[in-house]
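Fold and geometry: a report
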Amino acid sequence: MDLFFSYLLYFILFISLPIVFLITYRHKSSNPNLPPGTMGWPIIGETLEFALALLPQVFKTSLLEANMAVMCGASGNKFLFSNEDKLVVSWWQRSMKKILCFPSVFNETLTRDNFRPPTFLPEFLKPEALQHYIVTMDSMASEHIELNWSPNREVLVFPLARKYSFALAFRLFMSITDPEYVEMICHHFQILNEGFLSVPIDIPGTTFNRALKASKFIHNELLEVIRKRKMELEQKGDSATRDLLSHMLLASDENCNVKSEMEISTQVICLLFATHHTTSSVITFILKYLAEFPDVYSKVLKEQMEIAESKGPEGFLKWNDIQKMKYTWNVANETMRLTPPVQGTFREAITDFTYAGFTIPKGWKMHWNVNTTHRDPKYFPDPEKFNPSRFEGKGPQPFTFVPFGGGPRMCPGREYARAQVLAFIHNVVTRFKWEKVDPCEKVAYNPSPIPSKGFPIRLQPLQNGFV
């Protein structure tokens, strides 16, 4: 029952928001300066595609116990992304913070800085730094596939992609390679993730309560890792392990203050949360679309086999190889357009402002949703068609394709995700062709899209690029 309400909440938040306007448009606001709409719960009626054709630039509703303005279209995306820290700031609902935060950090006064990525993270994940990680990504993907895919005739793609993504994050972020330890944390992360958008009722047996317990367990484990690393840094100095965790422990602000162990634990868990389902979801749905469109698969295979032949059987991918995967990345982009790993995020107004002729009061929350542009025929003709050629040349118009957000809050891990996804797809495509076991498998959302059965596929090993 609790899981049912979790899915219902998610549907209301990220899928049915555009439908509100269709049903409430005729309800005039008592304040003529506020956007149109009502503060009641949206009622599920029309399809999303029909709603998108009639959306205004902004409408109001009430979600997550907050007055909320829903910004629509490319103009809404541009406005929010361009006014970060000027008119709006990132916003997380209280129950979401409670799941992600270390308890003592949550009980303190939370500022938006608690949920900002570390200031040095873009440097750690920029292309110049990522060049040093490609061999690790490639070798881990190859090892993972040989161990978990090659011995089997059928595999479940999503849990295996998640296993690889999580192991890679632990290796690159914290230099942890123990597979049993990583699997244990991954298991608790799955419980945490299931409760992220659940009904926030903290009583034994609820999804939310289980998520809080899982979060506490993960934080305690991370504290042990953090304390061991601090000791190593003190004893070994410059010869100690240098990875993202070490940078977090050594970094200081303009007043020479360093983060506490609990704050670092919270930042690590937020980073792991961001990578736990997103790249796994993208990898899974790329393989789904490749199974459905043999012509697209053939083009990806041709591109990847040319790269495999150039590096030789014993060689590893290099940064230049990733840059050559242009068509494969177009396929990934089209996958993220139709099945985005993140449906949208929230902002909070830090001052009164006017948008599209309407007043947005200070303290109101705002939501932007990828589907208001990704499936709009004005920006993407025949939007339900899977067509990677949309991303050739100049690609989509600005602020219409936004799987990584935009502006100052654009996902700092977008290049990391790109390299990780492409390295994994290279290793799968050059080894197998595959077919779906269940052509009618449904997709659930919590919060990223997940095939309800894990996307089982039947593998057909390749020999020199042929079945």
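Calculation rules
Residues numbered from 1 in each chain as written. Predicted model: local features only at pLDDT ≥ 70, side-chain atom pairs only at ≥ 80, totals over all residues. Heavy atoms only, no water. Helix = DSSP H or I, 4+ residues; strand = E, 2+ residues; numbered from the N terminus. Expected span 1.5 Å × (residues − 1). Buried < 20%, exposed > 50% of the residue type's maximum accessible area, 1.4 Å probe, protein only. Phe/Tyr/Trp six-rings, centres within 6.5 Å; stacked < 30°, edge-to-face > 60°. Axes fitted to C-alpha atoms, helices over the stretch in contact; angles between N-to-C directions. Left-handed = near helix turned anticlockwise from the far one by under 90°. Contact = heavy atoms within 4.5 Å. Nonpolar A, V, L, I, M, F, W, Y, C, P; charged D, E, K, R; others polar. Polar contact = N/O pair within 3.5 Å; in protein donor to acceptor, adjacent residues only side chain to side chain. Salt bridge = Lys/Arg side-chain N within 4 Å of Asp/Glu carboxyl O. Pairing = 2+ DSSP bridges. pLDDT = per-residue confidence, 0-100.

1. Re the environment of Glu-65
With respect to the element layout, Glu-65 can be found in the loop between strand 1 (58-63) and strand 2 (66-71). Between the C-alpha atom of Glu-65 and that of Gln-93, which follows or precedes it by 28 residues, the distance is 9.0 Å.

2. Observations regarding helix 14 (residues 261-276)
Here helix 14 spans 22 Å end to end across 16 residues, near enough to the 22 Å set by a 1.5 Å rise per residue. In terms of residue burial, helix 14 counts as a mostly covered element, since 13 of its 16 residues are buried.

3. A short note on the packing of aromatic side chains
Scanning the entire structure with this criterion turns up 18 aromatic pairs. Measuring from ring centre to ring centre gives 5.7 Å for Trp-91 and Phe-346, while their planes differ by 85°; the resulting arrangement is edge-to-face. Taken together, the positions of Trp-91 in the loop between strand 3 (88-90) and helix 5 (94-100) and Phe-346 in strand 5 (residues 344-349) put the pair 255 residues apart, joining distant regions of the chain. For the residue pair Trp-91 and Phe-346, the accessibility class agrees, reading buried in each case. Ring centres 6.4 Å apart and planes at 25° place the aromatic pair Trp-149 and Phe-432 in the stacked group. Of the two residues, Trp-149 sits in the loop between helix 9 (134-148) and strand 4 (154-156) while Phe-432 sits in strand 9 (residues 432-436), which places them 283 residues apart along the sequence. For the pair Trp-149 and Phe-432, a shared accessibility class is recorded, and that class is buried.

4. Description of the packing of helix 10 (residues 157-174) against helix 11 (residues 179-195)
Axis separation between helix 10 and helix 11 bottoms out at 10 Å; the angle between their running directions is 115°. Where helix 10 crosses over helix 11, the handedness of that crossing is right-handed. Contacts from Arg-162, Lys-163, Phe-166, Ala-167 and Phe-170 in helix 10 reach Tyr-181, Val-182, Glu-183, Ile-185, Cys-186, Phe-189 and Gln-190 in helix 11. In terms of residue class, the contact of helix 10 with helix 11 is made up of eight nonpolar, one polar and three charged.

5. Brief notes about the environment of Trp-368
By the secondary structure assignment, Trp-368 is in strand 8 (residues 365-369). Sequence-distant contacts of Trp-368, that is, excluding residues within four places in its chain, are made with Met-71, Asn-77, Leu-80, Phe-81, Gln-343, Gly-344, Thr-345, Arg-347, Val-402 and Gly-405. Side-chain polar atoms of Trp-368 contact the side chain of Thr-345, separated by 2.6 Å.

6. Let's talk about the environment of Glu-348
When you line up the elements, Glu-348 lands in strand 5. With relative accessibility at 24%, the residue Glu-348 sits in the partly exposed group. Distance from Glu-348 to Val-88, taken between C-alpha atoms, is 5.2 Å for residues 260 residues apart in sequence. With residues near it in sequence (within four places) discarded, Glu-348 still touches Leu-87, Val-88, Val-89, Trp-91, Gly-363, Trp-364, Lys-365 and Met-366.

7. Some words on helix 11
For helix 11, spanning 17 residues, the distance from its first C-alpha to its last is 25 Å, which sits close to the expected 24 Å at 1.5 Å a residue. All of the buried residues in helix 11 are Tyr-181, Val-182, Ile-185, Cys-186, His-188, Phe-189, Gln-190, Leu-192, Asn-193 and Gly-195. Contact partners of the buried residues in helix 11: helix 5, helix 10, helix 12 (207-236) and helix 14. Between a side-chain oxygen at the N-terminus of helix 11 and the backbone nitrogen of Glu-180 the separation is 3.1 Å; the capping residue is Asp-178.

8. A few points about the pattern of salt bridges
Within this structure, the stated rule accounts for 18 salt bridges. Arg-229 serves as the salt-bridge partner of Asp-243, at 2.6 Å between the closest nitrogen and oxygen. Of this pair, Asp-243 sits in the loop between helix 12 and helix 13 (244-250) while Arg-229 sits in helix 12, placing them 14 residues apart in sequence. Judged by its relative accessible area of 6%, Arg-229 falls in the buried class. Notably, a salt bridge pairs Arg-390 with Glu-334, separated by 3.0 Å at the nearest N-O pair. Pair noted here: Arg-390 is in the loop between helix 19 (371-374) and helix 20 (414-429) and Glu-334 is in helix 18 (residues 326-338), with a separation of 56 residues, a long-range link. The same class applies to Arg-390 as to Glu-334, namely buried.

9. Here's the deal with the sheet that holds strand 9
Strands sit in the order 4-12-9 across an open sheet of three strands; the sheet is antiparallel. Each of the sheet's edge strands pairs with one partner strand only, and the pair in question is strand 4 and strand 9. Recorded for the sheet is a direction-independent mean angle of 35° between the axes of neighbouring strands. Sheet analysis places strand 4 next to strand 12 (residues 456-461), joined by three bridges and oriented antiparallel. Considered in strand 12, the bridge of Glu-154 is made with Arg-458.

10. Details of the confidence of the model for the chain
A residue-level look at the chain finds 83% of positions with pLDDT of 70 or above and a mean pLDDT of 84. Long-range and interchain partners of residues 19-29, a stretch whose pLDDT sits below 50, account for 25 contacts in this model, where long-range means more than four residues apart. pLDDT under 50 marks residues 41-54. Its contacts with residues more than four places away, or in other chains, come to 32 contacts.

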